[in-house]
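So you can see what is in the structure, the chains are spelled out below.
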Amino acid sequence: MLRILQFLYSLRSFLLFVLLEVLAISLIVSNNSPQGAAFFNSSNALTGSVLKTRSDVVDFFSLAEANDALLSENARLLEQLKSVNSIPDSAKIQLDSLLEAQFDFKGARIISNSLRFAQNHITLNKGSKDGVKPGMGVFNEQGVVGRVKTVNENFSVVISLLNTEMNLSSKIKSTGDFGTTKWDGKDSGKSKLLYIPRHVNASQGDTIVTNGYSAVFPEGILVGIIESVNQGADPNYLDIVINLSVDFSRAHYVYLVENTQLAELDTLTKQAEIENEF
Amino acid sequence: MNFRNLITYIFLVICLCLVQILLLKNLALFGVAFCFIYLLAILSFPINMRSFPLILISFGLGLLIDVFYDTLGLHAAAATLLAFLRTYWLKAISPNGGYDDANNPTLPEMGIGWYISYSLPLVFAFSLMFFIADQWGTGGLFGVLNKSLFSSIFTVILAIIVQLLFFKRRRGI
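Every chain begins its residue count from 1, and numbering advances along the sequence as written. Naming scheme: in the order in which they are written, chains are lettered from A and ligands are numbered from 1. Local features in a predicted model are, by the rule used here, given only for residues with pLDDT of at least 70; side-chain atom pairs are given and counted only at 80 or more, and totals for whole chains, interfaces and linings are based on all residues.

**Here we look at the pairing of strand 5 (residues 156–163) of chain A**
Residues and elements named next belong to chain A. Burial is judged by counting other C-beta atoms within 10 Å of a residue's own C-beta: 20 or more means buried, 12 or fewer means exposed, and anything between counts as partly exposed, with every C-beta placed from the backbone. Working definition: helices are DSSP H or I runs of at least four residues, strands are E runs of at least two. Numbering for both runs from the N terminus. Most of strand 5 sits inside the fold, with eight of its eight residues counted as buried. Strands pair, by our definition, only if DSSP identifies at least two bridges between them. Two elements, strand 4 (residues 143–151) and strand 5, share five bridges in a ladder whose sense is antiparallel. Residue pairing for strand 5: Gly146 is matched across the bridge by Ser160. Here strand 4 folds back onto strand 5, and the loop between the two strands holds four residues.

As structure tokens, then:
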């Protein structure tokens, strides 16, 4: 017995090494499941405050750029408002307000971002205190950014669209065919549109937008532009590369969107026993 | 290790971690060369340090960086591997007659040739583990090797520059 203990003692550093490696790998695996609520992430109070201080300093240098983006977004919204509020020239029926307000919008600032890894995350300066919930969609004036993963009191962590675990339900705007946008982990400006059947007439320059099926994003938010369409190795589907519309290295301010009918939809899909894709 | 040395090591670890988190997080030269300067702290611990505490400290350091990077477990796994290999690699490349008792494995004490042969393979092992775990099931082997090679070269070059600027001969820092 003593011999065995002595033997184990002589191997102690190797055993410690194996133990810690197993622990680290189990952490990697558990953290990468998209729904997993991990405790150790950048939304906890200490980490969040360090990252926020850093971004307070760094963002100061890009204020002009952020202003420009807000200005152009404002101009676009004003344009839309004008067409909505035009003087009625015919009879109108008022819709039930419950139907109109399916989506709730909030604003937030990015305090930490990464785009060089295969699993990229974004930290925002709003948390559960400001009404952020896991599963909310995140976009900015350029297009879709990601989806909220975990929320803490003051901060929240978003799975970026540049994450190989993120599936975004989207469609080709001109033809209406729907597929899934998924990043392949290589170039931070490009992504792939999967599951578009071969007979679809997709062509270079077509716009990709979110489709309304996902229940996370409203229909028609820009995702990207098709860069190339190839007959890939898969016999059933096209191999489509898209240029993402969002410049992730310059994203500073984002909007959060919440589907107020999500709970209702969820129970319905659960009753019907189907997997809903985000 | 006396008290003064201990303080300088703690100071070194905090400084390197802050630089890593605040400045180097989103840095990638040409999209392939990442910098893991906090490894300099693990590499500079005394030669006669026991393997057991070294592995524990490296794991903790890796986990700390992971929390800020949102890559939970990646840095921890790779840094643990580096700490484990360090002991054996130091034995394998020991000069004739062994090390002096008070030697630190740093550039000013050991010279540039020895230092590169000491740090480059270890940092390469770290990068390989890091990028294999990061790109698991997505990227090809070529991308992983490419990133690992250039990241380790970049990290070692930066580590040498930091030591030339801030490390004094015969002192902790």
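**Looking at the confidence of the model for chain B**
Residue and element names in this part refer to chain B. Of all residues in chain B, 94% have pLDDT values of 70 or greater, and the mean over the chain is 84. Ranking the helices and strands of chain B by mean pLDDT puts helix 2 (residues 39–44) first, with 90, and helix 5 (residues 107–110) last, with 80. Model confidence for the complex: the whole-complex pTM is 0.72, and ipTM, which rates the interface, is 0.74. pLDDT: the predictor's confidence for each residue, scored from 0 to 100.

**Let's talk about the sheet that holds strand 10 (residues 222–230) of chain A**
All names here are of chain A. Strands sit in the order 6-7-8-11-10-9 around a closed barrel of six strands; the barrel is antiparallel. Direction aside, neighbouring strands of the sheet carry axes that sit 40° apart on average. With four bridges connecting them, strand 6 (residues 168–172) and strand 7 (residues 178–182) associate as antiparallel partners. Across the sheet, the residue bridging to Ser169 is Thr180, located in strand 7. Inter-axis angles, ranging from 0 to 180 degrees, are taken between N-to-C directions of lines fitted to C-alpha atoms, where helices are fitted over the stretch in contact.

**Examining the domain arrangement of chain A**
The assigned domain composition of chain A is domain 1 (2–60) and domain 2 (77–83 + 99–278). Each of domain 1 of chain A and domain 2 of chain A was reduced to a C-alpha centroid, and the two centroids are 29 Å apart. As annotated, the domain borders come from an automatic or database domain assignment.

**What about the packing of helix 4 (residues 74–92) of chain B against helix 6 (residues 112–134) of chain B?**
Residue and element names in this part refer to chain B. Taken N-terminus to C-terminus, the directions of helix 4 and helix 6 make an angle of 150°; their axes are 9 Å apart at the nearest point. Looking at the two axes, helix 4 sits roughly antiparallel to helix 6. Crossing handedness for the pair helix 4 and helix 6: right-handed. Taken together, the residues of helix 6 that come into contact with helix 4 (itself represented by Leu74, His75, Ala77, Ala78, Ala79, Leu81, Leu82, Leu85, Arg86 and Trp89) are Pro121, Leu122, Ala125, Phe126, Met129, Phe130, Ala133 and Asp134. Looking at the contact of helix 4 with helix 6, its residues break down into 15 nonpolar, one polar and two charged. For classification purposes, an angle smaller than 35 degrees is called roughly parallel, one larger than 145 roughly antiparallel, one from 65 to 115 roughly perpendicular, and anything else oblique. It is the rotation of the near helix from the far one that decides the hand of a crossing: anticlockwise by less than a right angle makes it left-handed, clockwise makes it right-handed. Each residue is represented by a C-beta atom placed from its backbone, and any two residues with such atoms within 7 Å are regarded as in contact. In the scheme used here, Gly and all other residues not listed as nonpolar or charged are polar, with Ala, Val, Leu, Ile, Met, Phe, Trp, Tyr, Cys and Pro taken as nonpolar and Asp, Glu, Lys and Arg as charged.

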